[in-house]
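Here is what each chain is made of, one letter per residue.
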Amino acid sequence: MTDGTERADGKIVKMEMDYSSAVDQQLPECEKMAQDGRLQEAIDNLLSLEKQTRTASDMASTSRILVAIVKMCYDAKDWDVLNENIVFLSKRRSQLKQAVTKMVQECYTYVSQITDLPIKLRLIDTLRTVTAGKIYVEIERARLTKHLAMIKEEDGDLKEAAAILQELQVETYGSMEKKEKVEFILEQMRLCLAIKDYIRTQIISKKINTKFFQGENTEDLKLKYYNLMIQVDQHEGSYLSICKHYRAIYDTPCIEADTTKWQQALKSVVLYVILAPYDNEQSDLVHRISQDKKLEEIPKYRDLLKLFTTMELMRWSSLEEDYSQELRGELAENACTDVFSNTEEGNKRWKDLKNRVVEHNIRIMAKYYTRITMKRMAELLDLSINVSIKSSAMCKELSRIKLKVFNRYMSQQLHSYLLQHNRPASTVIL
């Protein structure tokens, strides 16, 4: 590969002449002219020199000239001339890519320094126009787009901010560092969540490989990612996924170092794993979590988890009496655990917890009974017969196990439910 300079048309050319001495001589003179109010004259002189350096493929000198021109315009606060020259210089025939990159990078620093919003927006728009479709300035364009999205968000236009940031496909940028890519993707996720676009958030989240968080200096990004994923899965009601997210947070070194934080994370792990519907994965995860020695420091949650791993019946009334204050009470040390908060979502999770107790009890009964009357089942479940018949948790669990239930007054609804779930008709005898 040659050591030449690449032009905007993709052709690689070698430097024919070094104009560094001429640039060293003219730059101070033109800068003084600009300071004296003769900005256009100074620009014209530099443009004449720029043509020579560009045609000679002197990348270093051309870059210095382009940067000097935009800097003089910025110092003079002549925003019209600045925007005109950015476009003009980037479109000059056979312009050198590295020179355009240097100029764009210089102009990018002005964006954060300009306080006048209309002027800032115009400069961002000019730079985004200049960088559109150019791979060699894709990072600068991405950063400008992120800055524009932040401005839109501050103005309260979340939909526009999300739409602007979603234009970027940073995962395809070969020149961008992986950490910066993840930061961009997390911002895309956050804005999508802000407008309650959960499906798109889920799609965007798949662009991040969680192995990245095993590297150094990624803890903040890891926590941000899993907190966003918790919000997504809370909307979906996927308790097992939420449990896994909290486990990832719990295993983060900065969380492990803070007693309050790891306790809150571990409490959430316990609560969400018992809220998750029973299956092989959930059962395996429950037993692995129960082996964590740190549970000894939060005995209430250790005992609650033990109830779901012990092959004994649970009475909902007793569980509610023992744990209601801990799980739902306004305790200061429990402020971060809002799993069963007094909200619509919290009340739904509390109801789901009751259903998990019913399902657990049915699984225990299935180990000791092959057939049982509805009256006896209702007694063991700590429910009335009518409530037992209508219990969706009981219907779902009975559809999974081979347990014959006898009751001539049993609801036809239960019979139909079991048949819909491909259980044989002999499972239920009315």
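Before reading further, recall that the structure is shown in the block above.
Residues numbered from 1 in each chain as written. Predicted model: local features only at pLDDT ≥ 70, side-chain atom pairs only at ≥ 80, totals over all residues. Heavy atoms only, no water.

Description of the overall build of the chain
Working step 1: A count of helices and strands for the chain gives 22 helices and five strands.
Working step 2: Within the chain, the proportion of its 430 residues that are buried is 47%.
Working step 3: A separation threshold of at least 6 residues defines the contact pool for the chain, and within that pool the share at least 24 residues apart is 59%.
Working step 4: On the chain, roughly 22600 Å² of surface is accessible, and the fraction owed to carbon and sulfur atoms is 48%. (Helix = DSSP H or I, 4+ residues; strand = E, 2+ residues; numbered from the N terminus. Buried < 20%, exposed > 50% of the residue type's maximum accessible area, 1.4 Å probe, protein only. Contact = heavy atoms within 4.5 Å. Areas by Shrake-Rupley, 256 points an atom, 1.4 Å probe, with all protein chains shown as cover.)

Some words on the side chain of Glu-180
Working step 1: Position of Glu-180 relative to the elements: it lies in helix H9 (residues 178-194).
Working step 2: A relative accessible area of 15% places Glu-180 in the buried class.
Working step 3: One polar contact links Glu-180 to Arg-143, side chain to side chain, over a distance of 2.8 Å.
Working step 4: Aside from chain neighbours lying at most four places away, what touches Glu-180 is Ile-139 and Arg-143. (Polar contact = N/O pair within 3.5 Å; in protein donor to acceptor, adjacent residues only side chain to side chain.)

Remarks on helix H4 (residues 79-90)
Working step 1: When the terminal C-alpha atoms of H4 are compared, their 17 Å separation across twelve residues agrees well with the 16 Å that a helix rising 1.5 Å per residue should span.
Working step 2: Looking only at H4, the buried set comprises Trp-79, Val-81, Leu-82, Asn-83, Asn-85, Ile-86, Leu-89 and Ser-90. (Expected span 1.5 Å × (residues − 1).)

Here we look at helix H14 (residues 259-275)
Working step 1: For H14, which comprises 17 residues, the first-to-last C-alpha distance of 24 Å matches the rise-based estimate of 24 Å (1.5 Å per residue) to within 8%.
Working step 2: Counting buried positions along H14 yields 14 of 17 residues, so the element is predominantly enclosed.
Working step 3: Residue Asp-258 occupies the N-cap position of H14, its side-chain oxygen lying 3.1 Å from the main-chain nitrogen of Thr-260.

Considerations on the packing of aromatic side chains
Working step 1: Inspection of every chain in the model, using the stated rule, returns eleven aromatic pairs.
Working step 2: Considering the side-chain rings of Phe-213 and Tyr-226, the 6.1 Å spacing of their centres and the 50° angle between planes classify their relative orientation as tilted. Here Tyr-226 lies in helix H11 (residues 219-236) and Phe-213 lies in the loop between helix H10 (198-205) and H11, a separation of 13 residues in the sequence.
Working step 3: With a centroid separation of 5.0 Å and 75° between ring planes, the pair formed by Tyr-225 and Tyr-226 is classed as edge-to-face. Side by side, Tyr-225 and Tyr-226 carry an identical accessibility label, which is buried.
Working step 4: Through a chain of ring-to-ring contacts, three or more aromatic side chains come together here, namely Phe-212, Phe-213, Tyr-225 and Tyr-226.
Working step 5: If you follow Lys-146 out to its NZ or CZ, it ends over the ring of Phe-184, 5.1 Å from the centre.
Working step 6: Lying over the aromatic face of Tyr-323, Lys-300 brings its terminal NZ or CZ to 4.9 Å of the ring centre. (Phe/Tyr/Trp six-rings, centres within 6.5 Å; stacked < 30°, edge-to-face > 60°. Lys NZ or Arg CZ within 6 Å of the ring centre and 35° of its normal.)

Things to note about the side chain of His-147
Working step 1: Looking at where His-147 falls in the secondary structure, it is placed in helix H7 (residues 138-154).
Working step 2: The exposure class assigned to His-147 is buried, which follows from its relative accessible area of 18%.
Working step 3: Excluding residues that lie within four positions of it along the chain, His-147 makes contacts with Val-111, Ser-112, Lys-120 and Ile-124.

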